[in-house]
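Fold and geometry: a report
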Amino acid sequence: MVKKYEKLFINGEWVTPHGTGFTTVVNPATEQPIAEVCNADATDVDRAFAAAREAFKTWSQTSAKERAEWIMKLYHAMEARKEDMAQAISASMGCPIAKSRIIQVNCVVAFKKFADRAAFMEEETKVNNSVIVREPVGVCSFITPWNYPLYQLVGKVAPALAAGCTMVIKEASITPLQGLIFAEVVESIGLPKGVFNLLTGKGSVLGDLMVTHPEADMVSFTGSTATGARIQKMSADTVKRVCLELGGKSPYIITEDAPLEAAVKFGVEDVMINSGQTCICLSRMLVPASRYEEAVVIAKRVAESLKVGDPTDESTYMGPMSSMGQRNTVVKYIEKGLAEGAKLVTGGVELPEGITGGAYVRPTIFRDVHNKMTIAQEEIFGPVICMIPYSTLDEAVDIANDSIYGLSSGVWAGSVADAVKIARRIRTGGCYVNGGDFNYDAPLGGYKQSGNGREWGDFGMHEFIEIKSLQLPG
Ligand code: NAP
């Protein structure tokens, strides 16, 4: 059944939009519509920012303890809706349900962590005759993508609430459902009105309005580098703080003495999860020439062992791409790789075996890739790995750094100490060392054209803080 969402969440209540029409949400596995979501317009943007501005007067003056209590209420209410959100995300962007419960929805735990960090706002530093205090940056404008839609929401909303900011958010128009559930949660706990406001509709219509709005003090955007660069320019006229979390083309250096089976398996599974639509995925695998053939055999075996198919099947590892549009983009890159002389180890442009429709792409691995090829330079955002041979570690580091991006990277070496030495030479905001795990208490963000902000952990709070110095009489 196609569910219709006819209201926006503004100033603590569900309101009929001034905007007209609906955006259809499509299940990429079945290509069938699953929801119709109303479109906001400029008048709705003004209403939402006016509500956030008014709410800021009181929310910014609440104590850290009060805000922590509100965030904990949100956390508990979200815990109760986790399955709804896992299902909504799986249906709208194709992440297999068993994976969705973990990689899409476990981020809810971060509410608890940011509730603790609210106290950070009341820390003061004395410097001679001055006291340095922390204050919230103000009204925030949030724009998020479709690949980990709830994770993107939580990474912005939780620290902003903890800091005492109020906000207006617009999520990607192909994945608005978890945001609507989140607004129901906000309503159910009675969060003060206007603190959190949700708009739905197209970025092409709402984006410019949200990033130039006179009532927005800060813009936090996660998405493509092209849109991020545009946002940075557009928000310059009103000198907003801009936090950008953008694209990546992350290198993964495997050394001569690494345990090859474990290292290659880690790399392949890392890229294939969420159908390669992970900004930090290790899409360039750098392997010593002496172990290249061996690594190719392992990569092929691992990729071909992953179950691709129906996202509602509990045992599926990889579902479809999030949309047919994204499938077309990825297929074009695979064609480009072949045209440039890279060779397929596995995968390709055809639908996976046994699948006759939907936005599916085969787990694809290219060998004989040169780092100057388009497939090694541009973000494909699909289940495609470029295996690049190298001769010396210096050359591997040069290849790793030969990218406009600097979001993430990986190293697997014979020892953690050796891997850390290599990791410190790679110009990226993060590095996965010898199979290390994602950490919600560690900052995530990019160097170079991957962005300028940090999310998660203590550093994720810093983005939402203004620093004030009070000069006291001697
Ligand atoms: P996108 O096309 O840039 O869209 C992201 C968001 O921007 C969506 O909400 C979109 O709305 C909106 N938007 C579209 N046009 C806009 C405009 N002119 N002004 C303002 N906002 C506008 O990116 P995407 O393809 O959805 O997301 C994938 C990208 O996100 C990849 O490059 C990935 O690497 C990056 N990403 C980065 C991180 C990180 O932490 N660094 C994390 C996840 C993803 P509509 O959906 O309505 O078009």
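Please read all numbers here as calculations on a predicted model, not as lab measurements.

1. Regarding the state of the cysteines
Taken as a whole, this structure holds zero disulfides when the rule is applied. As a non-bridged cysteine, C386 has C281 as the owner of its nearest cysteine sulfur, 10 Å distant. Unpaired in this structure, C431 has its nearest cysteine sulfur neighbour in C281, at a distance of 14 Å.

2. A short note on the packing of helix α3 (residues 82-93) against helix α7 (residues 177-189)
It is at 8 Å that the axes of α3 and α7 come closest, and there the two elements cross at 160 degrees. Classified by the angle between their axes, α3 and α7 sit roughly antiparallel to one another. Our pair here, α3 against α7, has a crossing hand that is right-handed. Where α3 abuts α7, its residues D84, M85, A88, I89 and S92 lie against L177, Q178 and I181. Of the residues assigned to the contact of α3 with α7, the class counts are five nonpolar, two polar and one charged.

3. With respect to the sheet that holds strand β22 (residues 465-471)
In spatial order, the strands read β6-β7-β22; together these three strands make up an open sheet with antiparallel pairing. If you trace the sheet from one side to the other, it starts and ends with β6 (125-127) and β22, each paired once. Across this sheet, the average inter-strand angle for adjacent strands is 30 degrees, counted without regard to direction. In this structure, β6 lies alongside strand β7 (residues 130-136), joined through three bridges in antiparallel fashion. When the bridges of β7 are listed, V127 appears paired with S130.

4. Quick look at the site of the ligand
Taken together, 31 residues lie near the ligand, and T144, S173, G203, S224 and E379 sit nearest. Here an oxygen atom of the ligand sits 2.8 Å away from a polar atom, N or O, in the side chain of W146. Within the backbone of G203, a nitrogen or oxygen atom sits 2.7 Å from an oxygen atom of the ligand. Relative to its unbound accessible surface of 910 Å², the ligand loses 87% to contact with the protein. Listed by contribution, the elements that provide at least two residues to the shell around the ligand are α8 (203-212), β11 (218-222) and α9 (225-234). Per-element accounting of the shell around the ligand gives the leading share, four residues, to α8. Taken together, the residues of the shell around the ligand sort by class into 11 nonpolar, 13 polar and seven charged. Viewed by domain, the shell around the ligand spans two of them, domain 1 (3-246 + 451-471) and domain 2 (251-439), each represented by three or more residues.

5. Considerations on the domain arrangement of the protein chain
Segmentation of the protein chain into domains returns domain 1 (3-246 + 451-471) and domain 2 (251-439). Centre-to-centre, using C-alpha coordinates, domain 1 lies 31 Å away from domain 2. Residue-level contacts link 24 residues of domain 1 with 28 residues of domain 2. In total, about 1900 Å² of surface goes out of reach between domain 1 and domain 2, with carbon and sulfur atoms giving 59% of it. Between domain 1 and domain 2 we count one salt bridge in total. Two residues, R101 and E314, come together in a salt bridge whose shortest N-O distance is 3.0 Å.

6. Some details on the packing of aromatic side chains
Applying the stated criterion across every chain yields a total of 14 aromatic pairs. Taking 5.1 Å as the distance between ring centres and 55 degrees as the angle between the ring planes, the aromatic pair formed by F9 and W14 counts as tilted. Measuring from centroid to centroid gives 6.4 Å for F9 and F196, while their planes differ by 40 degrees, and the two rings are tilted. A residue pair is termed long-range when its members are at least 10 positions apart, and F9 in strand β2 (residues 8-10) and F196 in strand β10 (residues 196-199) qualify at 187 residues.

Here is what the cut-offs are and how they apply
- Residues numbered from 1 in each chain as written.
- Predicted model: local features only at pLDDT ≥ 70, side-chain atom pairs only at ≥ 80, totals over all residues.
- Heavy atoms only, no water.
- Disulfide = S-S within 2.5 Å.
- Axes fitted to C-alpha atoms, helices over the stretch in contact; angles between N-to-C directions.
- Helix = DSSP H or I, 4+ residues; strand = E, 2+ residues; numbered from the N terminus.
- Parallel < 35°, antiparallel > 145°, perpendicular 65-115°, else oblique.
- Left-handed = near helix turned anticlockwise from the far one by under 90°.
- Contact = heavy atoms within 4.5 Å.
- Nonpolar A, V, L, I, M, F, W, Y, C, P; charged D, E, K, R; others polar.
- Pairing = 2+ DSSP bridges.
- Near = heavy atom within 4 Å.
- Polar contact = N/O pair within 3.5 Å; in protein donor to acceptor, adjacent residues only side chain to side chain.
- Areas by Shrake-Rupley, 256 points an atom, 1.4 Å probe, with all protein chains shown as cover.
- Domains from an automatic or database assignment.
- Buried area = accessible area lost by both parts, 1.4 Å probe.
- Salt bridge = Lys/Arg side-chain N within 4 Å of Asp/Glu carboxyl O.
- Phe/Tyr/Trp six-rings, centres within 6.5 Å; stacked < 30°, edge-to-face > 60°.

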